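# Coordinate inspection notes
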Amino acid sequence: QKEVEQNSGPLSVPEGAIASLNCTYSDRVSQSFFWYRQYSGKSPELIMSIYSNGDKEDGRFTAQLNKASQYVSLLIRDSQPSDSATYLCAATDSSYKLIFGSGTRLLVRP
Amino acid sequence: EAGVVQSPRYKIIEKKQPVAFWCNPISGHNTLYWYRQNLGQGPELLIRYENEEAVDDSQLPKDRFSAERLKGVDSTLKIQPAELGDSAVYLCASSSGTGGHEQYFGPGTRLTVT
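To keep things clear, this report deals only with the structure shown in the data block. Since we're looking at a predicted model, the values are computed, not measured.

About the criteria used
- Residues numbered from 1 in each chain as written.
- Chains lettered and ligands numbered in written order.
- Predicted model: local features only at pLDDT ≥ 70, side-chain atom pairs only at ≥ 80, totals over all residues.
- Heavy atoms only, no water.
- Core = buried A, V, L, I, M, F, W, Y, C linked by side-chain atoms within 4.5 Å.
- Buried < 20%, exposed > 50% of the residue type's maximum accessible area, 1.4 Å probe, protein only.
- Helix = DSSP H or I, 4+ residues; strand = E, 2+ residues; numbered from the N terminus.
- Contact = heavy atoms within 4.5 Å.
- Pairing = 2+ DSSP bridges.
- Axes fitted to C-alpha atoms, helices over the stretch in contact; angles between N-to-C directions.

The subject of this paragraph is the nonpolar core. Core analysis: the biggest nonpolar cluster contains 25 residues, and W35(A), V72(A), L74(A), I76(A) and Y87(A) have the highest contact counts within it. Elements supplying a minimum of two residues to this core: β3 (19-25), β4 (29-38), β5 (45-50), β7 (61-66), β8 (71-76), β9 (85-93) and β11 (104-109) of chain A. Excluding its chain neighbours within four sequence positions, the residues that come into contact with V72(A) are L21(A), N22(A), C23(A), F33(A), W35(A), I50(A), Q64(A), L65(A) and C89(A). If you look at the next biggest cluster of nonpolar residues, it comprises 21 residues, including V4(B), I13(B), W34(B) and I47(B).

Attention shifts here to the sheet that holds strand β7 (residues 65-68) of chain B. All names here are of chain B. Read across the open sheet, the 4 strands follow the order β1-β3-β8-β7; overall the sheet is antiparallel. What marks the edges here is a single partner per strand, and that holds for β1 (5-7) and β7. Going across the sheet, the axis of each strand differs from the next one's by a mean of 15 degrees, ignoring polarity.

So, about the pairing of strand β11 (residues 109-113) of chain B. All names here are of chain B. Burial of the side chains of β11 is restricted to one face: T109, L111 and V113 are buried, whereas none of R110 and T112 on the reverse face is. Two strands pair when backbone bridges link them, and strand β2 (residues 10-13) and β11 are joined in this way by 4 bridges, in the parallel orientation. If you follow K11 over to β11, its bridge partner there is L111. Pairing of strand β9 (residues 88-95) with β11, which is carried by 3 bridges, proceeds in the antiparallel orientation. Within β11, the position partnered with A88 by the bridge is L111.

Before going further, it helps to examine the sheet that holds β3(A). Residue and element names in this part refer to chain A. Read across the open sheet, the 5 strands follow the order β1-β3-β8-β7-β6; overall the sheet is antiparallel. Edge strands, defined here as strands with exactly one partner in the open sheet, are β1 (4-5) and β6 (54-58). In this sheet, β8 lies alongside β3 in antiparallel orientation, the contact comprising 6 bridges. Each residue of the ladder has a partner; that of S20, found in β8, is L75.

Another aspect to go through is the pairing of β7(A). Residues and elements named next belong to chain A. One ladder, built from 5 bridges, connects β6 with β7; its direction is antiparallel. Each residue of the ladder has a partner; that of D55, found in β7, is Q64. In sequence, β6 turns back onto β7 through a hairpin of 2 residues, with G59 there showing a positive phi of about 65 degrees. With 6 bridges joining them, β7 and β8 adopt antiparallel strand pairing. Note that in β8 the partner of T62 across the bridge is L75. Linking β7 back to β8 in an antiparallel pair, the connection comprises 4 residues, with Q70 at a positive phi of about 60 degrees.

Laid out in structure tokens, this is it:
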């Protein structure tokens, strides 16, 4: 099992809908969790970090962490075409090394 | 606040040639990272510095890659000699500490080895 796994997508949603991006992780990474957005040809941009079970909201973004089920998700409300990008899930291992998933490509249709 | 600065942004070299990348982290960030990102993949850590000390270089191919962070600020990553498989985007990131601190990435250097 990969340490951080994501569906490569693309996930296609209409403008204004809620986009739900999911990520599962192994026992090797269980410390801190992050979501990054990466536009084509650009570098990763930090969206949110989450460290404990539950939800964390920031504007249109909500990160959800469930350590018992070993998944972390990112919800994007009122999706906009400008949200179209690859979303990278990342988690730290016991030495605080950041391990990335391969990313999920999101396409928001106007 | 200025972000992470990297140069050059693009580099094209022939195989067996040397190449160097430079990074200036966010002011006050004592932890600096070099990552490599291949197409369709997430970034993979090459080396992590805490101040001047390389605390994790287990993923750095030491036969051809070297890095330094003099005075605990700027850092340079070098490849000598470059191979075709080194073509990738090299990303520098920094954080205000380890222990799960948030990492902020620079724009990256896209390396093409021909």
